[in-house]
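Coordinates in review
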Amino acid sequence: MLPSLRGNQLFIKRDDLYPLCFGGNKARKARLFFKDIQKTNADYVVTYGSGSSNHCRAVANMAAMHGLSCLIVTPEETDKLTNNKRLAAMFGAEYIYCPVDRVAQTIEATLERLKNQGHTPYFIPGGGHGNLGTQAYVEAYEEILTWERQRNCHFDYIFFASGTGTTHAGLVCGKLLHGVKGQKIVGISIARKNPRGRQVVLDSMTDYLGHASFPEEEVEFLDDHICGGYGKYCGGIVETIRRQMIQNSIPLDVTYTGKAFWGMEQYLSSHEITGKNVLFIHTGGTPLFFDDLEQII
Ligand SMILES: *Cc1c(COP(=O)(O)O)cnc(C)c1O
């Protein structure tokens, strides 16, 4: 529990401390993908992401841990040396560069080449998208439920950074599967705009649940705080990051968690919400905090 925020009790789920691959939602998702990989005889893992991607760092770490080779298809436009990239290099992952509009073909060609060489590749979608990624956050939701039951507490609001939407989809599926009422799950978009951003969450839910007959209004995907897009920041984001690090020792970054935390503060004040139990899910990305520390904070 953190000091109160605008008259609300603020709680935080520290998934950044998830004890695998330097934590975060990508580590949670990667764990399930590698459980699945162990059922196959794959010797290569192929995935997609930028140089700053938390997902690629988590996958590269898991691959090395399991003695598998790891290839990362990455758009050359986003290439820069980041802490995640340094870590991926330490895990022995290899990058394959291509123009951003040739990502799909490059993935296809890479998988084909490996097969022709007699290898068995396993593909993990960018960001850990897909039903296994969704499952990871159904499980996280169940951890939240257990926590609430043990302490006789109910969260009125849950906030977090929403990107490719599987974290979001998993949380809402968890809520629906357990019939929880009186709780708003609010994803703060860090890049995508509506209607597409929200639609991707709905699609992930339909895919996971195997049907589309759920109340769509359960998905609140807020695109008011994207500040011009992925990795861009504005307003009070840097100030929020400073304050949280100083007062609560919580590292946030400008791309994901800092943006979402700031978005949550804005939401609580613009909706005049007070006297509620509010949970923020820290989705990780600690290496980005250190990248930001060099340049921004
Ligand atoms: C990827 C990421 C997100 C967004 O998760 P999605 O499941 O893609 O919506 C949020 N926070 C951090 C730190 C991330 O790395």
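Refer to the structure printed above.
Now for a look at the structure at hand. A quick note: this is a predicted structure, and the numbers were derived from the prediction, not measured.

Thresholds applied
- Residues numbered from 1 in each chain as written.
- Predicted model: local features only at pLDDT ≥ 70, side-chain atom pairs only at ≥ 80, totals over all residues.
- Heavy atoms only, no water.
- Pairing = 2+ DSSP bridges.
- Helix = DSSP H or I, 4+ residues; strand = E, 2+ residues; numbered from the N terminus.
- Axes fitted to C-alpha atoms, helices over the stretch in contact; angles between N-to-C directions.
- Contact = heavy atoms within 4.5 Å.
- Buried < 20%, exposed > 50% of the residue type's maximum accessible area, 1.4 Å probe, protein only.
- Right-handed = clockwise from strand over helix to strand, strands pointing away.
- Salt bridge = Lys/Arg side-chain N within 4 Å of Asp/Glu carboxyl O.
- Phe/Tyr/Trp six-rings, centres within 6.5 Å; stacked < 30°, edge-to-face > 60°.

1. Points about the sheet that holds strand β5 (residues 94–98)
Across the sheet, which stays open at both edges, the four strands sit in the order β5-β4-β3-β6 with parallel pairing between neighbours. The sheet is open, and its two borders are formed by β5 and β6 (121–124), each paired with just one other strand. Strand-to-strand twist in this sheet, taken as the mean axis angle between neighbours without regard to direction, amounts to 25°. On the sheet, helix α2 (residues 54–65) packs against β3 (44–48), β4 (69–75) and β6 and is oriented at approximately 175° with respect to β3. In this fold helix α4 (residues 103–116) packs onto β3, β4, β5 and β6, with an angle of close to 155° to the strand it touches most, β4.

2. Notes on the pairing of β4
Burial analysis of β4 places six of its seven residues in the buried class, the great majority of the element. Bridging between β3 and β4 involves five bridges; their strand directions are parallel. Paired with Tyr-44 across the strands is Ser-69, a residue of β4. The parallel pair β3 and β4, bridged by α2, forms a crossover whose chirality is right-handed. As defined by bridge partners, β4 adjoins β5 across five bridges and the pair is classed as parallel. Looking at β5, one finds that Ile-72 is bridged to Tyr-95. Handedness of the crossover is the feature at issue here: the chain leaves β4, passes through helix α3 (residues 83–90), returns alongside β5, and the resulting connection is right-handed.

3. Some remarks on the pattern of salt bridges
Applying the stated criterion to the full structure yields 11 salt bridges. A salt bridge links Asp-36 to Lys-39; the shortest N-O distance between them is 3.7 Å. Judged by its relative accessible area of 24%, Asp-36 falls in the partly exposed class. Using a relative accessible area of 69% as the deciding quantity, one classes Lys-39 as exposed.

4. Examining the packing of aromatic side chains
The relative placement of two aromatic rings is captured by the distance of their centres and the angle of their planes. Applying the stated criterion to the full structure yields 10 aromatic pairs. Both rings, one in Phe-11 and one in Phe-155, keep their centres 5.2 Å apart while their planes meet at 70°; by these two values the pair is edge-to-face. Of this pair, Phe-11 sits in strand β2 (residues 8–14) while Phe-155 sits in the loop between α5 (131–151) and β7 (157–162), placing them 144 residues apart in sequence. A centroid spacing of 5.9 Å and a plane angle of 75° characterise the contact between Tyr-230 and Tyr-256, whose relative ring orientation is edge-to-face. Taken together, the residues Tyr-230 in the loop between β9 (220–222) and α8 (237–248) and Tyr-256 in the loop between α8 and α9 (257–270) connect sequence positions 26 residues apart. Through pairs of rings, three or more aromatic residues link up here, namely Phe-11, Trp-147 and Phe-155.

5. Things to note about the sheet that holds strand β10 (residues 277–282)
Two orientations exist for strands paired in a sheet by backbone hydrogen bonds: parallel and antiparallel. Across the sheet, which stays open at both edges, the six strands sit in the order β1-β2-β10-β7-β8-β9 with mixed pairing between neighbours. Looking at which strands have only one partner, the edges of the open sheet turn out to be β1 (2–5) and β9. Each adjacent strand pair in this sheet contributes to an overall mean axis angle of 30°, direction not counted. When β7 meets β10, the two strands line up parallel, connected through three bridges. Along β10, the bridge assignment pairs Tyr-157 with Val-278. Running at roughly 165° to β10, α9 makes contact with β1, β2, β7, β8 (184–189), β9 and β10 of the sheet.

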